[in-house]
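Summary of structural features
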Amino acid sequence: LVGEGCARPAASRYHPPMTAPRRVSAAAARRFMVVRHGLTPPRSLPPEPASVMTVVGRLGSLQFDPLEVAGRNHDLVLLARIDGYRREWTDGLLYADRVLYETYNKGLSLVPTAEMPYYRIAWDRGSRRHDAGSFDEHAPLVAELLDRIRADGELSSTDVEPRAAIDWYWRPTNQVRALLEALGEAGVLGLSRRAGNRRYYDLVERLFPAELLAERHDEHDQLRHKLLSRFRAHGLLGRSGQAELWLGLGRAVARADDPAWRSRSALRAELVERGELLPVEVEGVRGERYVVAADLAALEAAETEVAAGGPPGGYDPGVAFLAPLDPFVWDRDFLRSLHDFDYVWEVYVPEKKRRWGYYVLPILFGDRLVGRIEPRIDRKSGALRVLGLWWEPGFDPLAVPGFATALADALEVHRRFGDLRRIVLPRTQQHRPLIAALRERIG
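Residues numbered from 1 in each chain as written. Predicted model: local features only at pLDDT ≥ 70, side-chain atom pairs only at ≥ 80, totals over all residues. Heavy atoms only, no water.

Moving on, we come to the packing of aromatic side chains. Aromatic ring pairs are described here by two measures, namely the spacing of the ring centres and the angle between the planes. As enumerated under the stated definition, the model contains 14 aromatic pairs in all. Relative to phenylalanine 403, the ring of phenylalanine 365 lies with its centre 5.1 Å away and its plane at 90°, an arrangement referred to as edge-to-face. A residue pair is termed long-range when its members are at least 10 positions apart, and phenylalanine 365 in strand β12 (residues 361-365) and phenylalanine 403 in helix α15 (residues 403-417) qualify at 38 residues. In this structure, phenylalanine 365 and phenylalanine 403 share a single accessibility class: buried. Measuring from centroid to centroid gives 5.7 Å for tryptophan 391 and phenylalanine 395, while their planes differ by 45°, and the two rings are tilted. For phenylalanine 395, a relative accessible area of 8% puts it in the buried group. Ring pairs connect the aromatic residues Phe365, Trp391, Phe395 and Phe403, which therefore count as one cluster. (Phe/Tyr/Trp six-rings, centres within 6.5 Å; stacked < 30°, edge-to-face > 60°. Helix = DSSP H or I, 4+ residues; strand = E, 2+ residues; numbered from the N terminus. Buried < 20%, exposed > 50% of the residue type's maximum accessible area, 1.4 Å probe, protein only.)

Listed below in structure tokens is the structure:
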């Protein structure tokens, strides 16, 4: 993918692809998804920083979210796939080795630094937006901040005396913080490190190789790469879905005055023409889906495995707690169609309207989504607290061979990840038999 370029095709080349979609059963699609996401079994990658790059290489990008209730989103994605995962491994790859960096893809994301030339569009758009707005309006402070960074090195908003708040996105914000963010969005500054949620900025030329910063690709190539990254991350996306699936990729269909290539439908058709995406029809799922061409062998293997009646990936099923922004659960409509699983991340839902809880994670067992868990890292008491457990209709956690042991293993993994001393389980009557079984296994 990286470094691959092509001339912009003529407008006449864009037409609906004639490739006949491959038909797969729902069971094969479920099996394929867990295998290609590295979740069969969970935590199968070795305990080392290189495994982080293996996951990023497979998924393309990891969504970043600063909320740290059970762990940050990208840490939870990695914890489900890497044995003994440690958050400092990813921080080192981001802020010391700099083989990963933060940019906007589907929201704020961690992507390979080697792919920076294909994600510069976020910087270019940020530069155009702020050049005509905040940089001009607050030019003296912009110059002051850049002069300080050139002279003294990295800078955070708390290193400078705060100035009057200005309107900034969704709330009034200290000018220093707002302008540092704007300079970061424009690619003038980069994130040198984080200390908790405090961000430190430095000049991008001090953070990344000059030849990488000099490499440029036109907007068409960048948008095509970004669109492909969504299909790489999920595995079986379709043509539509909720708006956040396609953030930063423009309209589904181009306007009459747009270039012929400038729409998701045209870019997707081009990816099919190039053989990088293959159309798929999944039993019981409305609409055509697409698989990355390199994953075709895995899809075929999943069909064979299901037909033979073997377990996912040939291993006994394990339990994984999936992050709320894990690419596996990006497409909520697809989860409902394929798994009959309705997942809503309720952090932004008013408390009285929540069906489950504030930071609830789907529970994956083998290739089935069987329930939900609300874990919370309580550092003050040194405990991993399980605030709630919910099971899908028809699923009895004590009646399924191996499930209680697999759930205990996943809880113990999460405890070690949080450097906690103990696990505190809910004391509700409905969970009492399961809790007794878990305590026998956890100790």
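Next comes the rest of the write-up.
Attention now goes to the side chain of arginine 230. By secondary structure assignment, the location of arginine 230 is in helix α11 (residues 219-234). Buried within the structure, arginine 230 lacks any salt-bridge partner; glutamate 244 is the closest side chain of opposite charge, at an N-O distance of 9.9 Å. (Lys, Arg positive; Asp, Glu negative; His and termini not counted. Salt bridge = Lys/Arg side-chain N within 4 Å of Asp/Glu carboxyl O.)

What follows concerns the pairing of strand β3 (residues 100-105). With five of six residues buried, β3 is to be regarded as a mostly interior element. Relative to strand β4 (residues 107-112), β3 runs antiparallel, the two sharing six bridges. Within β4, the position partnered with glutamate 102 by the bridge is leucine 110. Between β3 and β4, which follow one another and run antiparallel, lie one residue. (Pairing = 2+ DSSP bridges.)

Of the consecutive residues threonine 40 and proline 41, the connecting peptide bond is found in the cis state with omega at -10°. A positive phi angle is found at arginine 98, which is not glycine, with a value near 55°. Of note, arginine 98 is situated in the loop between α4 (87-95) and β3. One non-glycine residue, aspartate 419, adopts positive backbone phi at about 55°.

Another point: the sheet that holds strand β13 (residues 368-378). Strand order in this open sheet of five strands is β11-β12-β13-β14-β15, and the pairing throughout is mixed. The open sheet has two edge strands, β11 (319-321) and β15 (422-424), and neither has a second partner. Between one strand axis and the next, the sheet turns by 35° as a mean value, whatever way the strands run. Two elements, β13 and strand β14 (residues 383-391), share eight bridges in a ladder whose sense is antiparallel. When the bridges of β14 are listed, isoleucine 373 appears paired with leucine 389. (Axes fitted to C-alpha atoms, helices over the stretch in contact; angles between N-to-C directions.)

The next subject is the pairing of strand β10 (residues 289-292). Taking every second residue as pointing to the same face, both faces of β10 are buried, with Arg289 and Val291 on one and Tyr290 and Val292 on the other. The sheet contact formed by strand β9 (residues 277-282) and β10 spans four bridges and is antiparallel. Residue leucine 278 lies in a different strand from β10, and its bridge partner there is valine 291. With antiparallel pairing between neighbouring strands as the criterion, β9 and β10 make up a hairpin whose turn holds six residues, including glycine 284 at a positive phi of roughly 80°.

This paragraph deals with helix α5 (residues 120-131). With twelve residues, α5 extends 16 Å between its outermost C-alpha atoms, agreeing within 8% with the 16 Å of an ideal straight helix rising 1.5 Å per residue. Those residues of α5 that sit buried are Arg120, Ile121, Ala122, Trp123, Gly126 and His130. (Expected span 1.5 Å × (residues − 1).)

It is worth spelling out the confidence of the model for the chain at this point. Per-residue confidence for the chain gives a mean pLDDT of 92, with 96% of residues at or over 70. Note that pLDDT drops below 50 for residues 1-18; the model gives that stretch 35 contacts with residues more than four away or on any other chain. (pLDDT = per-residue confidence, 0-100. Contact = heavy atoms within 4.5 Å.)

Turning next to the sheet that holds β4. Ordered by their spatial adjacency, three strands build an open sheet running β2-β4-β3, and the pairing between neighbours is antiparallel. This sheet does not close on itself; its edge strands, each paired only once, are β2 (62-63) and β3. Sheet strands in contact with α4 are β3 and β4, and its direction is about 85° off that of β3.

It helps to recall that an α-helix has 3.6 residues per turn; residues three or four apart then point in one direction. Of all the residues in helix α14 (residues 332-339), the buried ones are Arg332, Phe334, Leu335, Leu338 and His339. Buried residues of α14, seen end-on, are gathered within an arc of 155° and therefore sit on one face of the element. Where α14 is buried, its residues touch α1 (26-36), α11, β9, β10 and β13. Near the N-terminus of α14, the side chain that reaches the backbone nitrogen of aspartate 333, with its oxygen 3.3 Å away, is that of aspartate 331. One or two steps after α14, the chain reaches aspartate 340, where phi turns positive at roughly 55°. (Arc of directions from axis to C-beta. Polar contact = N/O pair within 3.5 Å; in protein donor to acceptor, adjacent residues only side chain to side chain.)

Let us look at the packing of α11 against helix α12 (residues 264-273). Between α11 and α12, the shortest axis-to-axis distance is 10 Å and the interhelical angle comes to 80°. The orientation of α11 relative to α12 falls into the category roughly perpendicular. Touching His220, Leu223, Arg224, Leu227, Leu228 and Phe231 of α11 are Arg264, Leu267, Arg268, Glu270 and Leu271, all from α12. In terms of residue class, the contact of α11 with α12 is made up of six nonpolar, one polar and four charged. (Parallel < 35°, antiparallel > 145°, perpendicular 65-115°, else oblique. Nonpolar A, V, L, I, M, F, W, Y, C, P; charged D, E, K, R; others polar.)

In total, this model carries 35 salt bridges according to the counting rule given. When salt bridges that share partners are traced, they join Asp333, Arg336, Asp342 and Arg355 into one network.

In contact at an axis separation of 7 Å, helix α2 (residues 49-59) and α11 are set at 120° when each is read in the N-to-C sense. Put simply, α2 runs oblique to α11. Along the contact surface, α2 presents Val56, Gly57, Arg58 and Leu59, while α11 presents Ser229, Arg232 and Ala233. Per-class residue counts for the contact of α2 with α11 are three nonpolar, two polar and two charged.

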